[in-house]
Structures are given as C-alpha cells and as structure tokens.
Amino acid sequence: MSKIILKGRTLSFLRQPKNVNDSSSYEYNESGAILINNGIIEKVESYEKIKKTISKNIKIFDHSGKLLMPGFIDPHLHYPQTKIIGSYASNLLEWLKKYTFLEEKKYSNKEYSIKASKIFFNELINNGTTSCASFCTTSKNSVEAFFSEAKKRNMMVIGGKTLMDRNAPKTLLENSTKGYELTKKLINKWHNNGRCLYAITPRFAITSTIEQMKSVQTLKEEYPECYLQTHLSENFEEIELVKKLYPSFKNYTSIYEHYGFLGKKSLFGHCIHLSESELDLLNESHSKVIFCPTSNLFLGSGLFDLKKINKKNNIQIGVATDIGGGTSFNMLKTLDEAYKICQLQKNKISSLDSFYHITLGNAKCLSLESKIGTLSKGSDADIVVIDSRATSSLEIRKNNLNSLEEELFYIQTLGDDRCISQVYIKGKPAKNT
Ligand SMILES: [Zn+2]
C-alpha cells in the first residue's frame, strides 16, 4: 500500500485537558495534513510543509474545512443488542428478561450472527467509531461472527463470549467447565489475531455461580494479557440481588476483588452506586470504570458521579454507549448526555475534556494509547472526518462561532451521525465503500 495524505483541520489530544482554556493539552492545525504510510501515521503537520516533502503522484484525500481526529473508541457495548435499542422497560432486570435474553438466544444461529455483526459494524463506522470493546452472547457463533467481521474490516476490537451459568434462560446457560473450555479455545484463536483482542466476559455477579467466578479467576491468571469486561453497580435492584446471592461479602466490588477480577485490564461498566471503599478497591488495582450515559438515563439506573471518581487518581474513566441499554451508537450523542448528567450534579465538563475522553481517554482505558486514540507518529491511521456544518442547525450555529472549544461543544450538542463525513481504518476509507 502506498502513501496517502489526508488534508483538513487536524486535532489530537496529548493528555487530559485541565480546563476549557487548556490549549497545551492538544495539537490543532487549521490547515493540516496527515501523511499515512502503510496504514500508519508518519507525520502530522501543516499541509504546506508536508506538500514540500512528498512526490507528486501521492494520493491526497481533501477534507478541507473538516476536522480530522483519531477515530472514536467505544469501550463498552453489546453487539447482539443492536436490534433491541429503544425497548420499553421499567429497569435493568426487567429489560434483560423481557428483551435482551430473548434476542441473545437468536445468536446460537450462525447465519443470524453473521448478518447481525455486519449491521453492527456498519453502524459503528457510520457513527465514526473505529474501535470498541463488546460483549458477545454465550454462543460461540456470536463470537466467531464478531471477530471475523472485525478482521475482514481490519478493525481493532476487543470482544468476548459472555459467561453465564445461572439466573438467565436455560438455553443461554452452560456449566462453568464448558464456559471455561470454550473461552480458552476462543482466546487461542482470536487474541492478537489481526487487530482482534480478547476479553474474558462474565456478564455480572448475578449470572455466575461461585464455581464460574472461580473459573473466571483461573482464566484471568492463565491469560494475563487478555482483558476482563463485566458490569458493576448499575442499578439498586441489581445490587440488592447481588447481596442476597453473595451474603458473606461486604459489598459488590469486594466480590470481584475476591475472585481476582480487578486489575489494569479490567473494564467495569456503569459503577454508579459505589461506596468510597469500593472506589478505593478499583483505584488501588488500577481498574477501569466506564460511564454509559445514554444507558443510565434510559434504564433509569442513576447518575454517574464523574467528579467523585475523577478524584481517584489511578482510575482511568471510559465513556461508552452501552448499546442496547444505551440509545445511540453515536459518541457525540453520548457526550451530550454525559454533559447533562454532570450538569445535574453541578459538575461542568468542558468540550475539550469530552473529546479527549472519546479518543485518547478511551484508548488509555483500553491500554491501547500507543496504537489508537491519537494522531501521533507511529499510531494506526484510524481517523474520523467530522463535518461541523452537516445539518442546518449546525450551519446556523457555525456562523456564530468564536473558538475551537465552542465548535466542539456545539458539535456534541447538535451533532449526530450526519457529522461523520468519512472514516479511515488503517488509512483506508471505510464509510460507504
Ligand atoms: Zn453493558
């Protein structure tokens, strides 16, 4: 593959912004260009400078006026729930029972899984998301379809077979030995296969017996290079049920601690109702906490306390859609709802902080910042092209604009998938191809 150039307004974060005026937290070039060599970023500079150093026949993709950013990263979602977004239920446990488990059963069918994974990845790309960490179902077919489709598209993804051996319909359950053995096979096949990475995936404490919790612990010890993804402290009814199922434990997080779930490659979705001592356990173990705003509002789970968790220095917070409890694949919509949740708690997030989170922040959450999440030299060229004039509302707003920070803020407030003008995966156009 030869070299290519993307021309546009380049924006990439170097670290988490401290406030709305923290201009040294990012690199921005109004007339920028990205030089890509074999799918890897070689240089990001002004277009004029880059132009002088290249041969005449190099292909230029002209996105002048549009923002070129690292592709968005979604660190927590469920690809088998793509078709049940917006299902009416009073809370998490009812929603699981009434819709989720019924839909997930369908993924035992190979053809169904293959078709659904194509739809899922199209949705990700249409929304500017180039990497994700997704749950699959308990069926091996769902995992095979997920990774096969990601590999075909050369996308960097994390995924794993969901482990459940109680409190779900029988057809979705399997004994812990079978779950353990199948997970091992899938890790051996898919971890580091192309850009695919594996996450050991117990759904949550409610759907695993003690025996399965122990087998997850063994898997994590046997495969320390793999991730672990699960849910923690999302909803009050869930927490009450956890207490009943694990009566000898002090709290929800201490169950996960006891079975060795915590760690720097462990991703915990939600974490809404945690006590200070639970947060300390996550902090000491450098575990990752994932904020899923549209899901938390939709299922009425509660308001994530970003300010409180931000005080724990070792916790890297991710921001995710949690499809299909979440209501949009779009990370801009996700940021919009995150902002409102924080506003309700008198905590204002700057637009810089928001866009940091869905790029470099989420890459750090997945320990992948050396490969994705920035436009740094040597990074994989996964790039999103954002049109901040894509709709009439945006066009009107654009005419009343004073700064980049303002522009980012109205994009997250008014923007949606129409703002995603193109997506590049390892330097190749991936949208509408
Ligand atoms: Zn989830």
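Residues numbered from 1 in each chain as written. Predicted model: local features only at pLDDT ≥ 70, side-chain atom pairs only at ≥ 80, totals over all residues. Heavy atoms only, no water.

Student: Explanation requested: the environment of tyrosine 339 in the structure shown.
Tutor: With respect to the helices, strands and loops of the structure, tyrosine 339 is situated in helix α12 (residues 331-344). For tyrosine 339 and proline 293, which are 46 residues apart along the polypeptide, the C-alpha to C-alpha distance reads 8.8 Å. If we ignore the near neighbours within four places in the chain, the residues touching tyrosine 339 are Lys348, Ile349, Phe409 and Gln412. (Helix = DSSP H or I, 4+ residues; strand = E, 2+ residues; numbered from the N terminus. Contact = heavy atoms within 4.5 Å.)

Student: Hey, could you run me through the side chain of aspartate 22 in this one?
Tutor: In this structure, aspartate 22 sits in the loop between β1 (3-13) and β2 (26-37). When its relative accessible area of 8% is taken as the criterion, aspartate 22 is described as buried. With residues near it in sequence (within four places) discarded, aspartate 22 still touches Arg15, Gln16, Pro17 and Leu352. (Buried < 20%, exposed > 50% of the residue type's maximum accessible area, 1.4 Å probe, protein only.)

Student: Is there a simple way to explain the packing of helix α4 (residues 140-152) against helix α5 (residues 176-190) in this structure?
Tutor: A pair of packed helices is captured by two measures, namely the crossing angle of their axes and the spacing between those axes. At a minimum axis separation of 11 Å, α4 and α5 run at an interaxial angle of 10°. The pairing of α4 with α5 is recorded here as roughly parallel in orientation. Seen from α4, the contacting residues are Lys140, Val143, Glu144, Phe147, Ser148 and Lys151; seen from α5, they are Leu182, Leu186, Lys189 and Trp190. (Axes fitted to C-alpha atoms, helices over the stretch in contact; angles between N-to-C directions. Parallel < 35°, antiparallel > 145°, perpendicular 65-115°, else oblique.)

Student: Is there a simple way to think about the packing of aromatic side chains in this case?
Tutor: A ring pair, where both rings are aromatic, is described by two values, the distance of the centres and the angle of the planes. Throughout the structure, instances matching the rule amount to 21 aromatic pairs. Ring-pair connections join several aromatic residues into one group, and the members of that group are Tyr79, Tyr107, Tyr112, Phe120, Phe121, Phe146, Phe147, Trp190, Tyr198 and Phe329. Here the basic side chain of lysine 7 rests over the ring of tyrosine 47, its NZ or CZ set 4.3 Å away from the ring centre. We note lysine 265 situated over the ring of tyrosine 227; from NZ or CZ to the ring centre the distance is 4.4 Å. (Phe/Tyr/Trp six-rings, centres within 6.5 Å; stacked < 30°, edge-to-face > 60°. Lys NZ or Arg CZ within 6 Å of the ring centre and 35° of its normal.)

Student: Quick question: what am I supposed to make of α12 here?
Tutor: Each α-helix turn comprises 3.6 residues. Residues three or four places apart therefore point the same way. Between the first and last C-alpha of α12 there are 20 Å, a value that for 14 residues agrees with the 20 Å anticipated at 1.5 Å per step. The complete set of buried residues in α12 reads Met331, Leu332, Thr334, Leu335, Asp336, Ala338, Tyr339, Ile341 and Cys342. Two or three places before leucine 332, at the start of α12, stands the capping residue asparagine 330, its side-chain oxygen 3.0 Å from that residue's backbone nitrogen. Looking one or two places after α12, you find lysine 346, whose phi comes out positive at around 60°. (Expected span 1.5 Å × (residues − 1). Polar contact = N/O pair within 3.5 Å; in protein donor to acceptor, adjacent residues only side chain to side chain.)

Student: Honestly, the pattern of salt bridges in this entry has me stumped. Any pointers?
Tutor: Scanning the entire structure with this criterion turns up 27 salt bridges. A salt bridge links lysine 106 to glutamate 103; the nearest nitrogen and oxygen atoms lie 3.0 Å apart. The partner of arginine 195 in a salt bridge is aspartate 380, and the shortest N-O contact between them spans 2.8 Å. Of this pair, arginine 195 sits in the loop between α5 and β9 (196-202) while aspartate 380 sits in the loop between α13 (351-365) and β14 (383-386), and the two are 185 residues apart along the sequence. Judged by its relative accessible area of 8%, arginine 195 is buried. Residue class for aspartate 380 comes out buried when judged on its relative accessible area of 8%. (Salt bridge = Lys/Arg side-chain N within 4 Å of Asp/Glu carboxyl O.)

Student: Even after reading the chapter, I still don't get the sheet that holds strand β4 (residues 59-70), so can you show me in this structure?
Tutor: Strand pairing in a sheet relies on backbone hydrogen bonds. The paired strands run either parallel or antiparallel. Pairing is mixed across the open sheet formed by seven strands, whose spatial order is β3-β2-β1-β4-β14-β15-β16. Looking at strand neighbours, the two that pair on one side only are β3 (40-46) and β16 (428-429), the edges of this open sheet. (Pairing = 2+ DSSP bridges.)

Student: Whenever I open this one, a nonpolar patch on the surface confuses me. Can you help?
Tutor: Among the surface-exposed residues, Leu297, Leu303 and Leu344 lie close enough to one another that they form a single nonpolar patch of about 270 Å² accessible area. Note that leucine 344 resides in helix α12. (Patch = residues over 30% accessible without salt bridge, like charges linked within 9 Å, V, L, I, M, F, W, Y side chains within 5 Å. Areas by Shrake-Rupley, 256 points an atom, 1.4 Å probe, with all protein chains shown as cover.)

Student: Could you clarify how one ought to interpret unusual backbone geometry in this entry?
Tutor: Note: most residues except glycine have negative phi, and most peptide bonds are trans. Of note, the amide linkage connecting isoleucine 323 to glycine 324 takes the cis form, showing an omega dihedral of 0°. Within the fold, glycine 324 resides in the loop between β13 (317-319) and α12. Within the chain, histidine 270 stands out as a residue other than glycine whose phi angle is a positive 90°. Structurally, histidine 270 can be placed in strand β11 (residues 266-270). For histidine 270, a relative accessible area of 0% corresponds to the buried category. For histidine 286, which is not glycine, the phi dihedral falls at a positive 60°. If you trace the backbone, histidine 286 turns up in the loop between α9 (276-284) and β12 (288-291).

As far as function goes, none of this settles anything; it's purely spatial.
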